[in-house]
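Chains, contacts and geometry: an overview
Chain residues, written in single-letter form:
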Amino acid sequence: AAGVIQSPRHLIKEKRETATLKCYPIPRHDTVYWYQQGPGQDPQFLISFYEKMQSDKGSIPDRFSAQQFSDYHSELNMSSLELGDSALYFCASSAPRGELEQFFGPGTRLTVL
Amino acid sequence: GEDVEQSLFLSVREGDSSVINCTYTDSSSTYLYWYKQEPGAGLQLLTYIFSNMDMKQDQRLTVLLNKKDKHLSLRIADTQTGDSAIYFCAEPKGGGYNKLIFGAGTRLAVHP
């Protein structure tokens, strides 16, 4: 069965650079969530999209932005990267409202040097 | 997570039962989840329980829910070395779009 795809799987950037993370949800899933998991931390909700509109916002820095496109894939754009942005970034998707399970992708490991 | 609490470590012998505990704060949560994360890997949904249930059993997994005390537990019977991982409980928040609030995670170590 198709799963959530994230790219790239690993990314190394310098401080003050920008990064773009991509997420391809499971086909027919219309809701996408982004989470950030720092080393030894639990995943923290960043932002979510439903039908290409932002549906909820969590602890996402102003330096980050995200969007969901017409094909339902989503991109998380991160600018002015800081050392503290080094983390595992997960994308999850869920089926049209009423479905309970969020399916998580394998994550993108971002390292900021 | 600020709203969901778990103990951080649990060590068990192979073949024994493991019990991982979680407390949550939002009594209106309609369902609660258990996720498993192996080293360097993503999050795998293990099971979930509706708030109108007290217990749910799925093969080696048993979930107990005490709504009065806002306490959730996950019991793994006959724990195997492959069960070594971090286990997160999570509750949905945010109305219809259900972002997940995770506990800090319990690291389960299974030794021979």
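The structure under discussion appears in the preceding block.
Our subject in this report is the structure included herewith. (Residues numbered from 1 in each chain as written. Chains lettered and ligands numbered in written order. Predicted model: local features only at pLDDT ≥ 70, side-chain atom pairs only at ≥ 80, totals over all residues. Heavy atoms only, no water.)

1. Some thoughts on the sheet that holds strand β6 (residues 55-58) of chain B
Residue and element names in this part refer to chain B. The strand order across the open sheet formed by five strands is β1-β3-β8-β7-β6, and the pairing between neighbours is antiparallel. Since the sheet does not close on itself, it has two edges, and those belong to β1 (5-6) and β6, each with one partner. Taken together, the six bridges between strand β3 (residues 18-23) and strand β8 (residues 71-76) define a ladder with antiparallel strand orientation. Along β8, the bridge assignment pairs Asn21 with Ser73. (Pairing = 2+ DSSP bridges. Helix = DSSP H or I, 4+ residues; strand = E, 2+ residues; numbered from the N terminus.)

2. Thoughts on the layout of surface pockets
It is a probe the size of a water molecule, rolled over the atoms, that shows where empty space is left. Each pocket or cavity is described by its volume, and for the largest pocket that value is around 470 Å³. Residue lining of the largest pocket: 25 residues in total, with Gln37, Gly40 and Gln41 of chain A together with Ile86 and Arg107 of chain B positioned closest to the centre. Contributing elements (two or more residues each) for the lining of the largest pocket: β9 (87-94) and β11 (108-112) of chain A together with β9 (85-93) and β11 (106-111) of chain B. (1 Å grid on protein atoms, 1.4 Å probe; cavity = no way out; pocket = protein on both sides within 12 Å on 5 of 7 lines; lining within 4 Å. Points joined across faces, edges and corners; volume = space filled by probe spheres on them.)

3. Structural notes on the interface of chain A and chain B
Each side of the interface is counted separately: chain A has 22 residues, and chain B has 23 residues. Carbon and sulfur atoms make up 59% of the area that chain A and chain B hide from each other, which totals about 1800 Å². When residues of chain A are sorted by the area they lose upon contact with chain B, Asp42, Leu100 and Phe104 of chain A head the list and together hold 32% of the total. Between the two partners, chain A and chain B, sit one salt bridge. For Lys99 of chain B, the salt bridge goes to Asp56 of chain A, with nearest N and O atoms at 3.5 Å. Joining chain A to chain B, the criterion identifies four residue pairs in polar contact (both at pLDDT 80 or more). Elements with a contribution of two residues or more to the side of chain A that touches chain B: β4 (31-37), β5 (44-50), β6 (53-57) and β9 of chain A. Of the residues that constitute the side of chain A that touches chain B, the class distribution is ten nonpolar, six polar and six charged. (Contact = heavy atoms within 4.5 Å. Buried area = accessible area lost by both parts, 1.4 Å probe. Salt bridge = Lys/Arg side-chain N within 4 Å of Asp/Glu carboxyl O. Polar contact = N/O pair within 3.5 Å; in protein donor to acceptor, adjacent residues only side chain to side chain. Nonpolar A, V, L, I, M, F, W, Y, C, P; charged D, E, K, R; others polar.)

4. Brief notes about the side chain of Thr79 of chain B
Residues and elements named next belong to chain B. With respect to the element layout, Thr79 can be found in the loop between β8 and β9. Given a relative accessible area of 0%, Thr79 falls into the buried group. There is a polar contact of 2.7 Å between the side chain of Thr79 and the backbone oxygen of Asp16. Setting aside its immediate chain neighbours within four residues, Thr79 contacts Val12, Glu14, Gly15, Asp16, Ser17, Ser18, Arg60, Leu108 and Val110. (Buried < 20%, exposed > 50% of the residue type's maximum accessible area, 1.4 Å probe, protein only.)

5. Things to note about the state of the cysteines
Tallying each qualifying case throughout the model produces two disulfides over all chains. A disulfide bridge connects Cys23 of chain A with Cys91 of chain A, and the sulfur atoms are separated by 1.7 Å. Between Cys23 of chain A and Cys91 of chain A the disulfide shows an S-S torsion of about -55 degrees. By sign, it is left-handed. Taken as a pair, Cys23 of chain A in strand β3 (residues 19-24) and Cys91 of chain A in strand β9 lie far apart in primary sequence, 68 residues in all. You can call Cys91 of chain A buried: its relative accessible area is 0%. Here Cys22 of chain B engages in a disulfide with Cys89 of chain B; their sulfurs sit 1.9 Å apart. On the S-S bond that ties Cys22 of chain B to Cys89 of chain B, the torsion sits near 75 degrees, and the link is right-handed. Remark: Cys89 of chain B occurs in strand β9 and Cys22 of chain B occurs in strand β3; sequence separation between them is 67 residues. (Disulfide = S-S within 2.5 Å.)

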